[in-house]
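# Summary of structural features
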Protein chains: 2
Amino acid sequence: MEPRWLSPEEQRTWRAYRDLSLVLEDALDQQLRHKADLSHLYYSVMVFLSEAPERRLRMTDLAEQLKIARTRLSYTVSRMEERGWVRREDALGDRRVQLAVLTDEGLTALEQAAPSHVATVRAAVFDRLTPEQARAFGEACEIILNGLTGPDRPAFPADLPWRR
Amino acid sequence: MEPRWLSPEEQRTWRAYRDLSLVLEDALDQQLRHKADLSHLYYSVMVFLSEAPERRLRMTDLAEQLKIARTRLSYTVSRMEERGWVRREDALGDRRVQLAVLTDEGLTALEQAAPSHVATVRAAVFDRLTPEQARAFGEACEIILNGLTGPDRPAFPADLPWRR
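Residues numbered from 1 in each chain as written. Chains lettered and ligands numbered in written order. Predicted model: local features only at pLDDT ≥ 70, side-chain atom pairs only at ≥ 80, totals over all residues. Heavy atoms only, no water.

Evaluated as defined, the whole model comprises seven aromatic pairs over all chains. An aromatic cluster is built from Trp14, Tyr17 and Phe137 of chain A together with Trp14, Tyr17 and Phe137 of chain B, whose rings are joined through pairwise contacts. Above the ring of Trp162 of chain A, the side-chain terminus of Lys67 of chain A is found at 4.7 Å from the ring centroid. The ring of Tyr75 of chain B carries Arg79 of chain B above its face, with NZ or CZ at 4.6 Å from the centroid. (Phe/Tyr/Trp six-rings, centres within 6.5 Å; stacked < 30°, edge-to-face > 60°. Lys NZ or Arg CZ within 6 Å of the ring centre and 35° of its normal.)

Shown next as structure tokens:
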């Protein structure tokens with residue numbers, strides 16, 4: 001059976017998304033490395049931990065929030081421990097469960113990095129779109145994301161990254 | 001000066017985009033690895049070369065089309081050469097210019113991988129959105145992308161990846 005190839009308009013949309021995802025990630029990562037000596041992934045780890053009660057999350061929950069594989073998170077947290085930004089703890093009462101904790105040094109690094117990171121996101125995205133365009137963009141992203149992570153997600157060969 | 005933090009709605013849009021970019025890239029990459037023993041990046045290299053005259057492009061132009069750094073492309077093409085999918089050539093008349101060429105084996109691998117890849121893109125994106133939503137999504141992606149790559153792009157610390 002001949003596959004349903006993308007129409008020219010779908011193709012154009014798809015390429016714009018694909019190109020954007022690469023260029024924007026590169027810009028954010030470079031900006032954080034330049035201004036704060038942080039990768040974008042380190043920054044995201046700090047953000048999620050800073051928002052959690054007592055600045056700590058189970059490693060499995062942190063991987064799910066970050067949308068990355070647990071092995072990748074484990075490697076990342078080890079590198080961040082060396083910088084003094086994060087430490088690991090055993091969960092109270094269950095030593096099989098590991099927590100990641102944002103240290104005071106980590107919180108300070110996040111607070112120093114946040115203003116210029118937000119300015120970059122604003123300059124790249126929200127200053128370019130009208131409120132209506134931004135709303136439509138967010139809505140489309142949520143629909144696609146929910147489709148990929150929700151109960152009726154397509155039968156992909158692999159499980160979601162944080163469950164592998 | 002207090003930074004202009006994102007509003008709750010902007011924050012939600014930004015997180016949806018960030019999460020989507022990670023989950024969708026993972027799904028596409030896993031699907032290609034499972035079905036065709038290819039990474040998503042290898043697949044993209046093959047697509048751009050297959051569309052070029054005589055299935056060949058200058059390495060610098062290919063990096064720009066792919067939106068990746070030239071060092072990363074060089075590494076990727078070396079791996080693809082080992083698989084017999086791509087070969088390098090000196091440009092006619094200018095041995096300082098390197099071309100990447102898609103081999104017959106590479107074209108066959110692309111033709112075998114394409115139907116299930118397109119089906120995944122369709123299931124993940126275009127089957128989920130109404131035509132109107134897809135159009136708005138593509139429009140927003142193009143606006144942000146053009147802002148990041150065009151002449152009035154924000155003063156990021158680093159040049160675009162393919163120019164570094």
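When chain B is fitted to chain A, the residual RMSD is 0.0 Å, and the transformation amounts to a turn of 180 degrees plus an axial shift of 0.0 Å. The operation mapping one copy onto its partner corresponds to a two-fold rotation axis. Taking the C-alpha atom as reference, chain B places Phe137 of chain B closest to the rotation axis, 2.6 Å from it. Most of the interface of chain B is mirrored in chain A, where 100% of its interface residues again form contacts. (Least-squares fit on C-alpha atoms with pLDDT ≥ 70 in both. Contact = heavy atoms within 4.5 Å.)

This paragraph deals with helix H5 (residues 104-126) of chain B. For H5 of chain B, spanning 23 residues, the distance from its first C-alpha to its last is 31 Å, which sits close to the expected 33 Å at 1.5 Å a residue. Of all the bends in H5 of chain B, the greatest, near 40 degrees, is centred on Ala114 of chain B, and the proline Pro115 of chain B appears no more than four residues after it. (Helix = DSSP H or I, 4+ residues; strand = E, 2+ residues; numbered from the N terminus. Expected span 1.5 Å × (residues − 1). Bend = angle between axes of the 7 residues up to and from the residue.)

Before going further, it helps to examine the interface of chain B and chain A. Residue-level contacts link 74 residues of chain B with 74 residues of chain A. Here chain B meets chain A over a buried area of about 6900 Å², counting both sides, of which 68% is carbon and sulfur. In this structure, the connection of chain B to chain A is made through 12 salt bridges. Among the ionic pairs, Glu9 of chain B bridges to Arg135 of chain A, the shortest N-O distance being 3.7 Å. For the pair chain B and chain A, the number of links is 16 residue pairs in polar contact (both at pLDDT 80 or more). When contributions to the side of chain B that touches chain A are tallied by element, the ones reaching two or more residues are helix H1 (8-36), helix H2 (40-51), helix H3 (59-66), H5 and helix H6 (131-149) of chain B. It is H1 of chain B that contributes the most residues to the side of chain B that touches chain A, 22 residues altogether. Here the residues of the side of chain B that touches chain A are counted per class, giving 40 nonpolar, 14 polar and 20 charged. (Buried area = accessible area lost by both parts, 1.4 Å probe. Salt bridge = Lys/Arg side-chain N within 4 Å of Asp/Glu carboxyl O. Polar contact = N/O pair within 3.5 Å; in protein donor to acceptor, adjacent residues only side chain to side chain. Nonpolar A, V, L, I, M, F, W, Y, C, P; charged D, E, K, R; others polar.)

Here we come to the layout of surface pockets. Gaps left between atoms show up when a probe the size of a water molecule is rolled over them. Of the volumes computed, that of the largest pocket is approximately 1500 Å³. In terms of lining, the largest pocket is formed by 46 residues, of which the most central are Glu25 and Arg72 of chain A together with Leu22, Glu25 and Arg72 of chain B. Looking at the lining of the largest pocket, the elements that each hand over two or more residues are helix H1 (8-36), helix H2 (40-51) and helix H4 (70-82) of chain A together with H1 and H2 of chain B. Considering only residue class, the lining of the largest pocket consists of 17 nonpolar, 11 polar and 18 charged. (1 Å grid on protein atoms, 1.4 Å probe; cavity = no way out; pocket = protein on both sides within 12 Å on 5 of 7 lines; lining within 4 Å. Points joined across faces, edges and corners; volume = space filled by probe spheres on them.)

Another point: the sheet that holds strand S3 (residues 94-102) of chain B. All names here are of chain B. Spatially, the three strands line up as an open sheet ordered S1-S3-S2, and their pairing is antiparallel. Either end of the sheet is taken by a strand with one partner, and the two such strands are strand S1 (56-58) and strand S2 (86-91). Sheet twist, expressed as the average angle between the axes of neighbouring strands with direction ignored, equals 35 degrees. Judged from the three bridges that link them, S1 and S3 form a sheet pairing that is antiparallel. If you follow Arg56 over to S3, its bridge partner there is Val101. (Pairing = 2+ DSSP bridges. Axes fitted to C-alpha atoms, helices over the stretch in contact; angles between N-to-C directions.)

This part takes up the sheet that holds strand S1 (residues 56-58) of chain A. Residue and element names in this part refer to chain A. Read from one edge of the open sheet, three strands run S1-S3-S2, paired in antiparallel fashion. Edge positions in the open sheet fall to S1 and strand S2 (86-91), since each of these has one partner strand only. On average, each strand axis in the sheet is tilted by 35 degrees relative to the strand beside it, whichever way the strands run. The strands that helix H3 (residues 59-66) touches are S1, S2 and strand S3 (94-102); relative to S1, the one it contacts most, it runs at about 95 degrees.

For the rest of this paragraph, the subject is the pairing of S2 of chain A. Taken residue by residue, a regular strand's side chains alternate between the two faces of the sheet. Residues and elements named next belong to chain A. Pairing of S2 with S3, which is carried by six bridges, proceeds in the antiparallel orientation. Directly across from Ala91, in S3, lies its bridge partner Asp94. Taking the residues that link successive antiparallel strands as the turn, the S2-S3 hairpin has two residues, and the phi of Gly93 there is positive, at about 85 degrees.

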